[in-house]
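Chain by chain, the residues:
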Amino acid sequence: MSGKLKCCEACKETIGWNDDVVLVNDEVYHKDCVELYPTGYYAMLDGEPLGETENDDGSYAFEILNKGEYEEETA
């Protein structure tokens, strides 16, 4: 493990391994917690700009976070 579990900066819920997330200025958000605008993409939270992001469709958390930074799926 490389660190503690990451939480969404908006809802504060733990990031799961297959959650759709966006990375904005090195902070992780659930894709559904922010509004994405196709201007390069720019993430907004409650009408306030967070910054630009490259992953416009979101990504699975395990694709952009290190193991130990997201909650593992339990069977």
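In what follows, the structure referred to is the one given above.
Conventions and cut-offs
- Residues numbered from 1 in each chain as written.
- Predicted model: local features only at pLDDT ≥ 70, side-chain atom pairs only at ≥ 80, totals over all residues.
- Heavy atoms only, no water.
- Helix = DSSP H or I, 4+ residues; strand = E, 2+ residues; numbered from the N terminus.
- Contact = heavy atoms within 4.5 Å.
- Pairing = 2+ DSSP bridges.
- Core = buried A, V, L, I, M, F, W, Y, C linked by side-chain atoms within 4.5 Å.
- Buried < 20%, exposed > 50% of the residue type's maximum accessible area, 1.4 Å probe, protein only.

Colleague: What's the story with the environment of Met-44 in this structure? I'm lost.
Modeller: You can see Met-44 is positioned in strand E4 (residues 42–45). Met-44 sits ten residues away from Val-34 along the chain, and the two C-alpha atoms are 5.5 Å apart. Apart from the residues within four sequence positions on either side, Met-44 is in contact with Val-34, Glu-35, Tyr-37, Pro-49 and Leu-50.

Colleague: Just checking my understanding: could you explain the sheet that holds strand E2 (residues 27–30) for this structure?
Modeller: Across a sheet, strands are paired by hydrogen bonds formed along the backbone, either parallel or antiparallel in direction. The sheet built from three strands is open, its strands ordered E2-E1-E6 with antiparallel pairing. The open sheet is flanked by E2 and strand E6 (59–60), the only strands paired with a single partner. Relative to E6, strand E1 (residues 20–24) runs antiparallel, the two being bridged by two bridges. Across the sheet, the residue bridging to Val-21 is Ser-59, located in E6.

Colleague: Quick question: what am I supposed to make of the nonpolar core here?
Modeller: The nonpolar side chains of a soluble globular protein tend to be buried with one another. One finds Ile-15, Tyr-29, Ala-61 and Leu-65 to be the most contacted residues of the largest nonpolar core, which totals 13 residues. Counting only elements with at least two residues in this core, the list comes to E1, E2 and E4. The element contributing the most residues to this core is E1, with three residues. Excluding anything up to four places from it in sequence, Tyr-29 contacts Cys-8, Glu-9, Ala-10, Asp-20, Val-21, Val-22, Val-24, Val-34, Leu-45 and Leu-50.

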